[in-house]
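Analysis of the macromolecular model
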Amino acid sequence: MKKRLAAVLLILAGSCHSAYAESKRIDNELERLDPEERLEQRCDIEALSRIDAARKDMSPDKVIAYTFGAPKVKGTMIDAKGAVFRSHEHWYRLSYHCETDPTELNVKKFSFKIGAEVPRSKWEHYYLYP
């Protein structure tokens, strides 16, 4: 259920027509998750948005926080140094730091660094897909 809900959240993040409608729909879905899952999903959605704004050539459509290592979570903060994101059927390494308010719906601080492309020969090992 949680994995399917997470997929729905990412689809909603990419398909809404207005920023307000997008925000309300995502918040409603996020509220249904347990706190740690909500934090990770909210920060993954923020990563999509920030990468898209910073790199118009990338158009990311998926973020996974735990591919190369488990994220470190402390309260409403997450450090995902082993994350990846997909763009145009290519995967790229990603690290991000995200802090939210106590509801875990509003991002207060966010920073990220895009890393190298993950070679297609490694995708199967890390459960990545086109």
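Report follows, based on the coordinates. Fair warning: this is a prediction, and the values are worked out from it, not measured in the lab.

**Quick word on the packing of aromatic side chains**
Evaluation of the coordinates by the stated rule reveals five aromatic pairs. Centroid distance Phe68 to Tyr126: 4.4 Å. Interplanar angle 50 degrees. Geometry classified as tilted. On the criterion of sequence distance, the pair formed by Phe68 in the loop between β1 (60–64) and β2 (72–74) and Tyr126 in the segment after β5 (107–117) is long-range, its members being 58 residues apart. Residue Phe68 is classed as partly exposed on the basis of its relative accessible area, which comes to 23%. On the basis of relative accessibility, which here comes to 26%, the residue Tyr126 falls in the partly exposed class.

**Topic: the state of the cysteines**
Taken as a whole, this structure holds one disulfide when the rule is applied. At a sulfur-sulfur separation of 2.1 Å, the disulfide partner of Cys43 is Cys98. Taking the torsion about the S-S bond as the criterion, the Cys43 to Cys98 disulfide, at about -75 degrees, is left-handed. A residue pair is termed long-range when its members are at least 10 positions apart, and Cys43 in helix α3 (residues 35–54) and Cys98 in strand β4 (residues 90–100) qualify at 55 residues. Like Cys98, Cys43 is buried.

**Concerning the pairing of β1**
β1 sits mainly inside the fold: four of its five residues count as buried. Bridging between β1 and strand β3 (residues 77–87) involves four bridges; their strand directions are antiparallel. Counted as the bridge partner of Lys62 is Arg86 from β3.

**Overview of the nonpolar core**
By size, the foremost hydrophobic cluster in this structure holds 17 residues, and its most contacted members are Val63, Phe85, Leu94 and Tyr96. Taken together, the elements giving at least two residues each to this core come down to α3, β3 and β4. At five residues, α3 tops the list of elements feeding residues into this core. The next biggest cluster of nonpolar side chains, apart from the first, holds six residues, and it includes Ile64, Val84, Trp123 and Leu128.

**Considering unusual backbone geometry**
Even without glycine at this site, Ser59 takes up a positive phi of about 45 degrees. Along the chain, Ser59 turns up in the loop between α3 and β1. Of note in the backbone geometry, His88 takes a positive phi value of approximately 50 degrees without being a glycine. Considering the arrangement of structural elements, one finds His88 in the loop between β3 and β4.

Calculation criteria
Residues numbered from 1 in each chain as written. Predicted model: local features only at pLDDT ≥ 70, side-chain atom pairs only at ≥ 80, totals over all residues. Heavy atoms only, no water. Phe/Tyr/Trp six-rings, centres within 6.5 Å; stacked < 30°, edge-to-face > 60°. Helix = DSSP H or I, 4+ residues; strand = E, 2+ residues; numbered from the N terminus. Buried < 20%, exposed > 50% of the residue type's maximum accessible area, 1.4 Å probe, protein only. Disulfide = S-S within 2.5 Å. Pairing = 2+ DSSP bridges. Core = buried A, V, L, I, M, F, W, Y, C linked by side-chain atoms within 4.5 Å.

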